Amino acid sequence: SARVVVAFPGRHCPAHSFEMPTSSLGIRPIPVLIAALAVTTFVSPSVADCVGDGCSEVEELQLLQFTSRQDATPESSSQGCPGPSCGAPGCPGFIKCPTEDDFPMPFKGSYPTSYTYREGMHFPKGFKWGLGTASYQIEGAYNEDGRGVSIWDTFSGANTVGMPGSVCEQAPCPVSSVMGIKGATGNVANDFYHKYKQDIAMMASMGVQSYRFSVAWPRVVPTGVMSDGINQKAIAFYHDVIDELIAHGVEPIITMYHWDLPQGLMDMSWNSSIPACDSKYKQGWYECADGSVDSPQPSGMDALVVKEFTKYAELLLKEYGSKVKYWATFNEAWTFTFLASGGRGKAPNVQPWYDADVWPYVAGHNVIIAHAKAVSVFRQMQAAGQLSQGHKILITNNQDWREPLTTSPSDIAAAEYALEGQLAWYCDPIYGVKTEAGYEHDYPASMKMTLPYMPNFTMQEKQLLEANRPDVFGLNHYGTGWQSFNCTGTGSASSSCTTEDGLPMAVSSWLFQAPWGFRKLLNWIAKRYGRDLPIWGTESGWSDNTISALQAKYDTGRLMYYFGYIMEMWNAIHVDGVKMEAFMAWSLMDNYEWERGYAERFGVLYNEFQYGADPNSPSPETPVYVADQGVINGTCGSACDDANVGKPAPVGAYNQTRHAKNSILWLQWVWESNT
């Protein structure tokens, strides 16, 4: 027979069949049935049940790769799919190499070198302007009023003995070897927990219209487990903050989770590695099915952390939903998953979840499902009339623009691969890629094709995602870099590199300024996820390392950053037709910059931290947890000495002062004039 019919259980119906032309297989008719049956064991279920034009690129490629290997030698079949070089030659991750016509627009080879002020550049009526912060970065009061331990308390080496959820039984508590500036903690930070009334009055005096802030999960639910108890003092604190904002005419925008996972949801041991994929232990975002450690199966809807986050989200919505219209589930999932393993700088970076080829993707999968469950609760409350149809929910994801270094197909593909491997990793499943038939909610094909490990969504998970698309696309964007292929010479997907030649650099080693990159990213998002989807800029900012209020006032780099980025945002709206509706500058004031401590300042206000001694922060005698080995080895030494680390002192913290920089003076004018 010239055709063969093969039946598979399908994702769209209980079972279906399709006809497979033997000519398309490139193999002789006699072994067609054998080969076709073999395909069902080689490819994933999602590949096995695609039909004709319904096949995605990765599904089509896997079918073709399999059939092309029927007559292959062992040597020629070693570069199969999935694999690091899977794809068209020179374009791993893609079936076909792009052409020069696929170069992302606007701008191609020639870029703006200056931005000139023009009158009359008005933003749409109702455009939202504001500033943002995060709980762990500004609140302080880390051990007050029943707050539980977060993974950042543990990671930074704060004294958590006796606190809910602590894994430290005796001080001094270890500090992680991955911590960039050891000794710095969020113990005191900006003391916002005590100074919030002053700070909100200050915001109002500056004309701040919207304030995006996060709620500290371990403050509200100290162990992360709702049945262990809710901290009513924390509930009251956030009511007070929200009420104060509203009383001063500042619109609150709440982020439910900004990296501070309650430590009570993740077991760990300082000198031995607990087993992964074992339900006897709390595994945080890394929870996977028992016994699946060789190829972890994320627990998804069954994960303790997903269930508890859903309860926490519902608690927040019920407590504050009548006062707060705008909600974000997570902030920068890529940052707190991809950078939280392999020594990349963020908490937790602990064993047994240190392998960066596996555990970020397990965590990411569970985060995506937790987000969707929270959105589902939000929709149910809207349907019940507990929240209005004017309430909006989103997730904020982060991406720096990656511009092809040249117009070569390989560099264009490398830039696209970088964008898909970060922003699309989360946004493709959550928002769905716009197609003629609707939206496809799944991981990018390029990731499935090339990464050594990638989880799959179950049918139930896909249905959850499809039914709970967010209202708004939240984007954190900072800088730009040039992307080029095969810097290492291996020709694999990971052989590409990013350079920043010719771009102004901030104090942060990763931040390079290019306003035109912001515009290009906005266009990329609108094209991929639909031009009808509103985009909110939820973070953009510039770092310096000034040491006095007077020096900090003249923040020319930050001023020019915001001027250029806001101008290119205007171009994206009025020239390119992007539905951009908000821009939140980062940050309200200098604060705790995570593993960099207080050495990098992003605030539009300079903060005088009143550095001094903090007895609950790491000292020279503090043991160091060596993350890649999973053991305690040595002490922090002089690196943790008070004299060598900026440590806001708990004594006198209320006397901290905030000072205006020139950038906030200009932003005030922008907000007032909406131009």
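Residues numbered from 1 in each chain as written. Predicted model: local features only at pLDDT ≥ 70, side-chain atom pairs only at ≥ 80, totals over all residues. Heavy atoms only, no water.

> Looking at this structure, I do not really get the packing of aromatic side chains. What am I missing?
What describes a pair of aromatic rings is the distance from one ring centre to the other and the angle between the planes of the rings. If you walk through the whole model with that rule in mind, you get 59 aromatic pairs. Grouped by ring-pair contacts, the aromatic residues Phe 123, Phe 127, Trp 129, Phe 518, Trp 542, Tyr 561, Tyr 562, Tyr 565 and Phe 583 constitute a single cluster. The cationic tip of Arg 344 hangs over the ring face of Phe 338; the distance from NZ or CZ to the ring centre is 3.7 Å. Of note, Arg 469 hangs over the ring of Tyr 439, and the distance from its end group to the ring centre comes to 3.9 Å. (Phe/Tyr/Trp six-rings, centres within 6.5 Å; stacked < 30°, edge-to-face > 60°. Lys NZ or Arg CZ within 6 Å of the ring centre and 35° of its normal.)

> When you look at the side chain of Asn 187 in this model, what are you seeing that I'm missing?
Structurally, Asn 187 can be placed in the loop between β6 (175-176) and α7 (192-205). Within the structure, Asn 187 has its side chain in polar contact with the side chain of Asp 614 (distance 3.1 Å). Filtering out sequence-adjacent residues up to four positions away, Asn 187 remains in contact with Gly 140, Ala 141, Tyr 142, Ala 158, Asp 614, Asn 616 and Ser 617. (Helix = DSSP H or I, 4+ residues; strand = E, 2+ residues; numbered from the N terminus. Polar contact = N/O pair within 3.5 Å; in protein donor to acceptor, adjacent residues only side chain to side chain. Contact = heavy atoms within 4.5 Å.)

> Got a minute to help me understand the state of the cysteines in this structure?
One covalent bond between the sulfur atoms of two cysteine residues makes up a disulfide. Tallying each qualifying case throughout the model produces 6 disulfides. Each sulfur in the disulfide pair Cys 487 and Cys 497 lies 1.9 Å from the other. On the sign convention where negative is left-handed, the bridge of Cys 487 and Cys 497, at about -65° about the S-S bond, is left-handed. Of the two residues, Cys 487 is situated in the loop between β15 (480-484) and β16 (497-499) and Cys 497 in strand β16; the sequence distance between them amounts to 10 residues. Assessed through its relative accessible area of 39%, Cys 487 is described here as partly exposed. The exposure class of Cys 497 is partly exposed, given its relative accessible area of 23%. With a sulfur-sulfur separation of 1.9 Å, Cys 636 is cross-linked through a disulfide to Cys 640. Across the S-S bond of Cys 636 and Cys 640 the torsion is about 75°, and the bridge reads as right-handed. Look at Cys 636 and you get buried, because its relative accessible area is 11%. The buried category is assigned to Cys 640, whose relative accessible area is 0%. (Disulfide = S-S within 2.5 Å. Buried < 20%, exposed > 50% of the residue type's maximum accessible area, 1.4 Å probe, protein only.)

> Looking at this structure, how should I read the packing of helix α9 (residues 232-247) against helix α10 (residues 304-320)?
Relative placement of two packed helices is described by the angle separating their axes and the distance separating the axes. For the pair α9 and α10, interaxial distance at closest approach is 11 Å and the crossing angle is 50°. By the angle class used here, α9 and α10 are oblique. Judged by the twist between their axes, the crossing of α9 over α10 is right-handed. The residues of α10 that touch α9, namely those facing Ala 234, Ile 235, Tyr 238, His 239 and Ile 242, are Leu 315, Glu 319 and Tyr 320. Its residues placed into classes, the contact of α9 with α10 shows 6 nonpolar, 1 polar and 1 charged. (Axes fitted to C-alpha atoms, helices over the stretch in contact; angles between N-to-C directions. Parallel < 35°, antiparallel > 145°, perpendicular 65-115°, else oblique. Left-handed = near helix turned anticlockwise from the far one by under 90°. Nonpolar A, V, L, I, M, F, W, Y, C, P; charged D, E, K, R; others polar.)

> Just checking my understanding: could you explain α9 for this structure?
Note: α-helices contain 3.6 residues per turn, so residues at a spacing of three or four share the same orientation. In this model α9 runs 22 Å from its N-terminal to its C-terminal C-alpha over 16 residues, within 8% of the 22 Å that 1.5 Å per residue would give. Residues of α9 that are buried: Ala 234, Ile 235, Phe 237, Tyr 238, His 239, Val 241, Ile 242, Glu 244 and Leu 245. For α9, the elements touching its buried residues are α5 (135-138), α7, β7 (210-214), α8 (217-220), β8 (251-257) and α10. Its side-chain oxygen 3.1 Å from the backbone nitrogen of Lys 233, Asn 231 forms the N-cap of α9. At the C-terminal side of α9, Gly 249 shows a positive phi close to 75°. (Expected span 1.5 Å × (residues − 1).)

> I keep staring at helix α15 (residues 459-467) and nothing clicks. Help me out?
For α15, the complete set of buried residues consists of Glu 461, Lys 462, Leu 464 and Leu 465. Taken end-on, α15 shows its buried residues confined to a sector of 160°, consistent with a single buried face. Exposed residues on α15 whose side chains face more than 90 degrees from its buried face are Gln 460 and Ala 467. Summarising the contacts, the buried residues of α15 are in contact with α12 (359-383), α13 (409-431) and β13 (438-440). (Arc of directions from axis to C-beta.)

> Please clarify how the sheet that holds strand β17 (residues 535-539) should be interpreted in this entry.
Each strand in a sheet pairs with its neighbour through backbone hydrogen bonds, running either in the same direction (parallel) or in the opposite one (antiparallel). Ordered in space as β5-β7-β8-β9-β10-β14-β17-β18, the 8 strands form a closed barrel in which the pairing is parallel. The sheet shows a mean angle of 25° between the axes of neighbouring strands, taken without regard to direction. Note that strand β5 (residues 128-132) and β7 share 3 bridges and pair parallel. In the sheet register, Leu 131 faces β7, and the bridge partner there is Tyr 211. Packing of α10 onto the sheet brings it into contact with β8 and β9 (326-331), and relative to β8 it is tilted by some 165°. (Pairing = 2+ DSSP bridges.)

> Teacher, can you tell me more about the environment of His 441 here?
Mapped onto the elements, His 441 comes out in the loop between β13 and α14 (445-450). In the structure, His 441 is positioned 12 residues away from Pro 429 in sequence and 4.1 Å away in space, judged by C-alpha atoms. Every residue in contact with His 441, bar those within four places of it in the chain, is listed here: Asp 428, Pro 429, Ile 430, Tyr 431, Gly 432, Lys 462, Leu 465 and Glu 466. Of the polar contacts made by the side chain of His 441, one reaches the backbone oxygen of Pro 429; its length is 2.8 Å.

> Just to check I follow, could you spell out the nonpolar core for this structure?
Across soluble globular proteins, nonpolar side chains show a tendency to be buried alongside one another. Counting residues in hydrophobic clusters, the biggest one holds 187 residues, and the most contacted among them are Trp 217, Trp 285, Phe 309, Tyr 312, Trp 327, Phe 473 and Met 569. Per element, the largest residue contribution to this core is 14 residues, and it comes from α12. (Core = buried A, V, L, I, M, F, W, Y, C linked by side-chain atoms within 4.5 Å.)

> Just checking my understanding: could you explain the pattern of salt bridges for this structure?
In the structure shown here, the tally under the stated rule is 28 salt bridges. Notably, a salt bridge pairs Glu 539 with Arg 212, separated by 3.4 Å at the nearest N-O pair. Separated by 327 residues along the polypeptide, Glu 539 in strand β17 and Arg 212 in strand β7 bring together distant segments of the chain. There is no split in this pair, since Glu 539 and Arg 212 are both buried. Two residues, Asp 555 and Arg 558, come together in a salt bridge whose shortest N-O distance is 3.1 Å. Accessibility expressed as a relative area gives 5% for Asp 555, which makes it buried. The network of salt bridges with shared partners includes Glu 416, Glu 420, Asp 428 and Arg 528. (Salt bridge = Lys/Arg side-chain N within 4 Å of Asp/Glu carboxyl O.)

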